[in-house]
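Residue strings, one per chain:
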Amino acid sequence: MSQRLPAGVFAAGLTPFQSDLRVTPHALAQHTQRLLDQGCDGVLLFGTTGEGLSLSVEERLSGLDAVLSAGVAAERLLVGTGALALPDALDLTREATERGVGGVLVLPPFHFRQISSEGLFRFYDRLIQGVGHADLRLYFYHFPELSGVPIPFDLMQRLRSAYPDQIAGIKDSSGEWDHTEALCHHFPDLQVFSGTERLLLRVLEAGGDGCISATANVTAPVAAAVRARWQAGDDPTSTQETLTDLRTAFAPLPTIPALKMVLSQYLKAPQWTPVRPPLAPLTDEEEDAVMDVLDQLKATPLLQDFGA
């Protein structure tokens, strides 16, 4: 198999909008490079945190082009190409693959409930066949709390057997350690990423590849330090505890607007705060809570230079 994504820490990148809710390509490219400079091994564009399903096919592709034009290495990008309509998913996946990205993250279509394993197989089979590209590297997006459509192990095995060079891995956003651990053990030849950095060290110890996390937008240096210390044979337990505490601090908050507010404060860039409907701006009470989290971030030694 040709090169897949690098292992390690991926931020599920935020997408900046102008006041009229158009994507701001320059700010998107800057933020993506900033995350790599702060220790991320790669960045997911247009996943859940990036409000990808609120963006059109054209918006996602133009945003990707802006990032690539800014000099970001394509192989360090994972691109969310899931869509409700198969033709849209096909177009996004084909175009992203032709641009040389490290992989595509494909959420299953979720407008029908209780989709059978056969129905899911037909979706991914048609997608892979339609893209028809040897360099396609597809990562499943298991997020049943959001989509209502889990990715069963038998489906993964069936597709892996049919397309051994195209099925590359999975992002497990179930938040359930038993499920993530089972993925690591059942699919040692696939890349397994947790959807939360709370499980980063445990994933690495179980033979998985790392995490793809929303809060890595603001905790990337800490997450990178956990992996670096683990690789060096040092004890990363205390760093992982710090990372877990920071992730937990965001748990009661609306994740995407809260992270955007933190980023706008760090960067002194109020244009980072808009979210696209159906998301809503923070309430005054939520903003106060975010400021408390911001103080916690500022007090974290590894984050002292975050906004530089």
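So, how was this worked out
- Residues numbered from 1 in each chain as written.
- Predicted model: local features only at pLDDT ≥ 70, side-chain atom pairs only at ≥ 80, totals over all residues.
- Heavy atoms only, no water.
- Helix = DSSP H or I, 4+ residues; strand = E, 2+ residues; numbered from the N terminus.
- Buried < 20%, exposed > 50% of the residue type's maximum accessible area, 1.4 Å probe, protein only.
- Polar contact = N/O pair within 3.5 Å; in protein donor to acceptor, adjacent residues only side chain to side chain.
- Contact = heavy atoms within 4.5 Å.
- Phe/Tyr/Trp six-rings, centres within 6.5 Å; stacked < 30°, edge-to-face > 60°.
- Lys NZ or Arg CZ within 6 Å of the ring centre and 35° of its normal.
- Pairing = 2+ DSSP bridges.
- Axes fitted to C-alpha atoms, helices over the stretch in contact; angles between N-to-C directions.
- Salt bridge = Lys/Arg side-chain N within 4 Å of Asp/Glu carboxyl O.
- Patch = residues over 30% accessible without salt bridge, like charges linked within 9 Å, V, L, I, M, F, W, Y side chains within 5 Å.
- Areas by Shrake-Rupley, 256 points an atom, 1.4 Å probe, with all protein chains shown as cover.
- Lys, Arg positive; Asp, Glu negative; His and termini not counted.
- Charge placed at Lys NZ, Arg CZ, Asp CG, Glu CD.
- Expected span 1.5 Å × (residues − 1).
- Bend = angle between axes of the 7 residues up to and from the residue.

**As for the side chain of Arg276**
Logical step 1: Relative to the elements of secondary structure, Arg276 occurs in the loop between α11 (255–267) and α12 (284–298).
Logical step 2: According to the relative accessible area criterion, Arg276 is buried, its value standing at 12%.
Logical step 3: Polar side-chain contacts of Arg276 include one of 2.5 Å to the backbone oxygen of Leu21.
Logical step 4: Setting aside anything within four residues of it in sequence, one finds Arg276 in contact with Phe17, Leu21, Arg22, Val23, Glu51, Ser54, Leu55 and Glu59.

**What to know about the packing of aromatic side chains**
Logical step 1: Scanning all chains against the criterion turns up 5 aromatic pairs.
Logical step 2: For the ring pair Phe10 and Phe193, a centre distance of 5.5 Å and an interplane angle of 70° mean the geometry is edge-to-face. Taken together, the positions of Phe10 in strand β1 (residues 8–12) and Phe193 in strand β7 (residues 191–194) put the pair 183 residues apart, joining distant regions of the chain.
Logical step 3: You can call Phe10 buried: its relative accessible area is 0%.
Logical step 4: Residue Phe193 is classed as buried on the basis of its relative accessible area of 0%.
Logical step 5: A connected cluster of aromatic rings, assembled from ring pairs, spans Phe123, Tyr124 and Phe140.
Logical step 6: Positioned above the aromatic ring of Phe121, the side-chain terminus of Arg158 is 3.6 Å from the ring centre.

**Here we look at the sheet that holds strand β4 (residues 103–106)**
Logical step 1: Taking strand neighbours around the barrel as the criterion, the 8 strands line up as β1-β2-β3-β4-β5-β6-β7-β8 in a closed arrangement whose pairing is parallel. The mean inter-strand angle of the sheet, taken between neighbouring strand axes irrespective of direction, is 25°.
Logical step 2: For strand β6 (residues 167–172) and β7, the ladder comprises 4 bridges, and the chain directions are parallel. Its bridge partner lying in β7, Gly169 is registered against Gln191.
Logical step 3: Along the sheet face, helix α1 (residues 25–37) touches β1, β2 (42–45) and β3 (77–80) and points at about 145° away from the line of β2.
Logical step 4: Sheet strands touched by helix α7 (residues 177–186): β5 (138–142), β6 and β7. Its angle to β6, the strand with the most contacts, is close to 165°.

**Topic: the environment of Pro87**
Logical step 1: Positionally, Pro87 belongs in helix α3 (residues 86–98).
Logical step 2: For Pro87 and Asp178, which are 91 residues apart along the polypeptide, the C-alpha to C-alpha distance reads 35 Å.

**Quick word on the pattern of salt bridges**
Logical step 1: Scanning the entire structure with this criterion turns up 10 salt bridges.
Logical step 2: Here Glu95 ties to Arg99 by a salt bridge, and the two come within 2.7 Å at their closest N and O atoms.
Logical step 3: Since its relative accessible area comes to 27%, Glu95 is described here as partly exposed.
Logical step 4: Overall, the relative accessible area of 25% leaves Arg99 in the partly exposed class.
Logical step 5: The network of salt bridges with shared partners includes Asp65, Glu95 and Arg99.

**Some thoughts on a negative patch on the surface**
Logical step 1: Side chains of Asp284, Glu285, Glu287, Asp288, Asp292 and Asp295 sit close together on the surface and give a patch of like negative charge.
Logical step 2: Mapped onto the elements of the fold, Glu285 is located in helix α12.

**Notes on helix α9 (residues 216–231)**
A turn of α-helix holds 3.6 residues, and therefore any two residues three or four places apart point the same way.
Logical step 1: The terminal C-alpha atoms of α9 lie 19 Å apart, and with 16 residues this falls more than 12% below the ideal 22 Å at 1.5 Å per residue.
Logical step 2: The sharpest bend along α9 reaches about 35° and sits at Val222.
Logical step 3: Summarising burial for α9: 12 of the 16 residues are buried, a large majority.
Logical step 4: Buried residues of α9: Ala216, Asn217, Val218, Thr219, Ala220, Pro221, Val222, Ala223, Ala224, Ala225, Val226 and Arg227, and no others.
Logical step 5: Gly233 lies just past α9 and shows a positive phi near 85°.

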